[in-house]
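# Structural characterization, general
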Amino acid sequence: ACASSLLAGMILGQLLGGALGDSWLGRLGALRLVMLLQIIASLGSALTTSVDTNNAAIYLQLSIWRFILGMSAGAVYPLAATLSAEEGTMSTTTYTTDTHHSNNNNNNNNNNT
């Protein structure tokens, strides 16, 4: 359940990340916000403890923190790709975008250099 909550959060985060970047925050402000949320969710996930003898409570807390972590990690993908494409020059944009997405096939990249 913990791993599934992380993946579900990443899917939702990727969908909402682009919309958040187009909001009044701007792309850089949205990226800063989701990175701060990543730090908070990572610490929450690492510091999760259970005072009850019920082990299900710790897994529920961990799943919630992992879902938030997944949302913020998923939101970084569209924001970072868009920022690297917008801020780079034509010669570096292709390289940074391909490197960011780990794309090894150069279908359209040869036309841009």
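### What to know about the overall build of the protein
Summing up its helical and strand segments, the protein has five helices and zero strands in all. Helices and strands appear in the protein in the N-to-C order α-α-α-α-α. Across the 113 residues of the protein, 28% fall into the buried class. Excluding contacts between residues fewer than 6 apart, the proportion of contacts in the protein whose partners are at least 24 apart in sequence is 65%. Of the roughly 7400 Å² that the protein leaves accessible, carbon and sulfur atoms contribute 62%.

### Re the environment of M35
By secondary structure assignment, the location of M35 is in helix α2 (residues 26-46). Of the residues examined, M35 reaches a relative accessible area of 43% and is grouped as partly exposed. As a C-alpha pair, M35 and A75 span 40 residues in sequence and 9.1 Å in three-dimensional space.

### Looking at the packing of α2 against helix α3 (residues 55-87)
Closest axis-to-axis distance for the α2/α3 pair is 8 Å, and the angle between their directions is 155°. By the criterion of interaxial angle, the relationship of α2 to α3 is roughly antiparallel. For α2 against α3, the interelement crossing comes out left-handed. Grouping the amino acids of the contact of α2 with α3 by side-chain chemistry returns 18 nonpolar, six polar and three charged.

### What to know about the pattern of salt bridges
Scanning all chains against the criterion turns up two salt bridges. The partner of D22 in a salt bridge is R27, with the nearest N and O atoms 3.0 Å apart. Of the residues examined, R27 reaches a relative accessible area of 28% and is grouped as partly exposed. Each of D22, R27 and E86 takes part in salt bridges that share partners, so that together they form one network.

### Remarks on the environment of C2
Structurally, the position occupied by C2 is in helix α1 (residues 2-21). It is 7.1 Å that separates the C-alpha atoms of C2 and Y59, two residues lying 57 residues apart in sequence. Among residues more than four places away in sequence, those in contact with C2 are Y59, L62, S63 and R66.

Reading the values: rules and limits
Residues numbered from 1 in each chain as written. Predicted model: local features only at pLDDT ≥ 70, side-chain atom pairs only at ≥ 80, totals over all residues. Heavy atoms only, no water. Helix = DSSP H or I, 4+ residues; strand = E, 2+ residues; numbered from the N terminus. Buried < 20%, exposed > 50% of the residue type's maximum accessible area, 1.4 Å probe, protein only. Contact = heavy atoms within 4.5 Å. Areas by Shrake-Rupley, 256 points an atom, 1.4 Å probe, with all protein chains shown as cover. Axes fitted to C-alpha atoms, helices over the stretch in contact; angles between N-to-C directions. Parallel < 35°, antiparallel > 145°, perpendicular 65-115°, else oblique. Left-handed = near helix turned anticlockwise from the far one by under 90°. Nonpolar A, V, L, I, M, F, W, Y, C, P; charged D, E, K, R; others polar. Salt bridge = Lys/Arg side-chain N within 4 Å of Asp/Glu carboxyl O.

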